[in-house]
Amino acid sequence: MLNEKVKELLNEQINKELYSAYLYLDMANYYANEGLSGFENWYYVQAQEERDHAMLFRTYLQNNGEKVILKAIAQPDKEYTSFSDPLAAALEHERYVTASINTIYAAAHEIHDYRTMQFLDWFIKEQGEEEKNSEDLIKKFELFGSDAKGLYMLDSELGARVYAAPSLVLD
Ligand code: FEO
């Protein structure tokens, strides 16, 4: 059994990760409509990864004998008016998710829940990578995105991203 507060935060994180998947799918849809299939692919793969994250929290709760409660997923409501808008929104969102993971970690730390801390270690590292990926993409867009040829090359590069299952496996 987990501490009540830690359990609630872990359960809430399922919703946040599923919302992340929804948000990134919405970004993929935006780029699909704009004809940028590489950017679409990048965020489609990201959406798949976010769903995986949600499932990891679900499995962790279940492995600890806790009941999982699924809540409504909010509608992505951002309006994108330029190709760089989703890139900035993605970084902002990842920073929000990092803060959320840190909050769970702090709650687990406070009550010496070392098992949950160890589980969260993977997400702490993952968030570092996700923030860096978002920052790198913004930098690349600033360098190459304003030129049609550069944008084409960047779109091709992002189109090569392939989905990989998470390195953390809970069963
Ligand atoms: Fe699951 Fe992008 O954080």
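Before reading further, recall that the structure is shown in the block above.
Model, not experiment: these values are computed from the prediction.

### Focus on the overall build of the protein
Right, so step 1: Looking only at helices and strands, one finds five helices and zero strands in the protein.
Right, so step 2: Moving toward the C terminus, one meets the helices and strands of the protein in the order α-α-α-α-α.
Right, so step 3: Relative to the compact-globule value of 16 Å for 171 residues, the protein shows a C-alpha radius of gyration of 17 Å, a close match.
Right, so step 4: Projecting the C-alpha coordinates of the protein onto the three principal axes gives extents of approximately 55 × 25 × 25 Å.
Right, so step 5: Relative to its full complement of 171 residues, the protein shows a buried share of 44%.
Right, so step 6: Restricting the contact set of the protein to residue pairs at least 6 apart, pairs at least 24 apart contribute 82%.
Right, so step 7: Per element, the accessible surface of the protein, about 9,500 Å² overall, is 53% carbon and sulfur.

### Points about the layout of surface pockets
Right, so step 1: For the largest pocket, the calculated volume is near 260 Å³.
Right, so step 2: Lining the largest pocket are 17 residues, with E49, E126, E129, E130 and N133 positioned closest to its centre.
Right, so step 3: Of the residues forming the lining of the largest pocket, the biggest block, eight residues, is contributed by helix α4 (residues 114–144).
Right, so step 4: Residues belonging to the lining of the largest pocket are distributed by class as follows: six nonpolar, four polar and seven charged.

### Observations concerning the packing of aromatic side chains
Right, so step 1: Enumeration according to the criterion identifies 11 aromatic pairs in this entry.
Right, so step 2: Among the aromatic side chains, those forming a connected cluster through ring pairs are Y24, Y30, Y31, F39, Y43, Y80 and F141.
Right, so step 3: Lying across the ring of W42, R161 places its NZ or CZ 4.2 Å from the centre.

### Describing the environment of L25
Right, so step 1: If you trace the backbone, L25 turns up in helix α1 (residues 4–34).
Right, so step 2: Among the residues examined, L25 registers a relative accessible area of 32% and is labelled partly exposed.
Right, so step 3: Taking C-alpha positions, L25 is 12 Å from K78, a pair spaced 53 residues apart along the chain.
Right, so step 4: The contacts of L25, once residues within four sequence positions are left out, are Y44 and A47.

### So, the environment of L2
Right, so step 1: You can see L2 is positioned in the segment before α1.
Right, so step 2: Through-space distance from the C-alpha of L2 to that of E66 is 7.5 Å; in sequence the pair is 64 residues apart.

### Structural notes on α1
Side chains that are three or four residues apart share a direction in an α-helix, a result of its 3.6 residues per turn.
Right, so step 1: Under the 1.5 Å per step criterion, the end-to-end length of α1 is 45 Å for 31 residues, consistent within 8% with the ideal 45 Å.
Right, so step 2: The residue sitting at the N-terminus of α1 and contributing the capping side-chain oxygen is N3; that oxygen lies 2.9 Å from the backbone nitrogen of K5.
Right, so step 3: The first or second residue beyond α1 is G35, which carries a positive phi of 85 degrees.

### Digging into the environment of L91
Right, so step 1: Tracing the backbone shows L91 in helix α3 (residues 85–110).
Right, so step 2: Since its relative accessible area comes to 9%, L91 is described here as buried.
Right, so step 3: Along the sequence, L91 and K132 sit 41 residues apart, while their C-alpha atoms lie 8.7 Å from each other.
Right, so step 4: Leave out the neighbours within four places in its chain, and L91 touches E131, S134, E135 and I138.

### Structural notes on α4
Right, so step 1: Relative to the 45 Å expected for 31 residues at 1.5 Å per residue, α4 spans 45 Å between its end C-alpha atoms, a close match to the ideal helical length.
Right, so step 2: When the local axis directions of α4 are compared, the greatest deviation, roughly 30 degrees, occurs at L120.

Rules behind the numbers
Residues numbered from 1 in each chain as written. Predicted model: local features only at pLDDT ≥ 70, side-chain atom pairs only at ≥ 80, totals over all residues. Heavy atoms only, no water. Helix = DSSP H or I, 4+ residues; strand = E, 2+ residues; numbered from the N terminus. Rg over C-alpha atoms; globule rule 2.2 N^0.38 Å. Buried < 20%, exposed > 50% of the residue type's maximum accessible area, 1.4 Å probe, protein only. Contact = heavy atoms within 4.5 Å. Areas by Shrake-Rupley, 256 points an atom, 1.4 Å probe, with all protein chains shown as cover. 1 Å grid on protein atoms, 1.4 Å probe; cavity = no way out; pocket = protein on both sides within 12 Å on 5 of 7 lines; lining within 4 Å. Points joined across faces, edges and corners; volume = space filled by probe spheres on them. Nonpolar A, V, L, I, M, F, W, Y, C, P; charged D, E, K, R; others polar. Phe/Tyr/Trp six-rings, centres within 6.5 Å; stacked < 30°, edge-to-face > 60°. Lys NZ or Arg CZ within 6 Å of the ring centre and 35° of its normal. Expected span 1.5 Å × (residues − 1). Polar contact = N/O pair within 3.5 Å; in protein donor to acceptor, adjacent residues only side chain to side chain. Bend = angle between axes of the 7 residues up to and from the residue.

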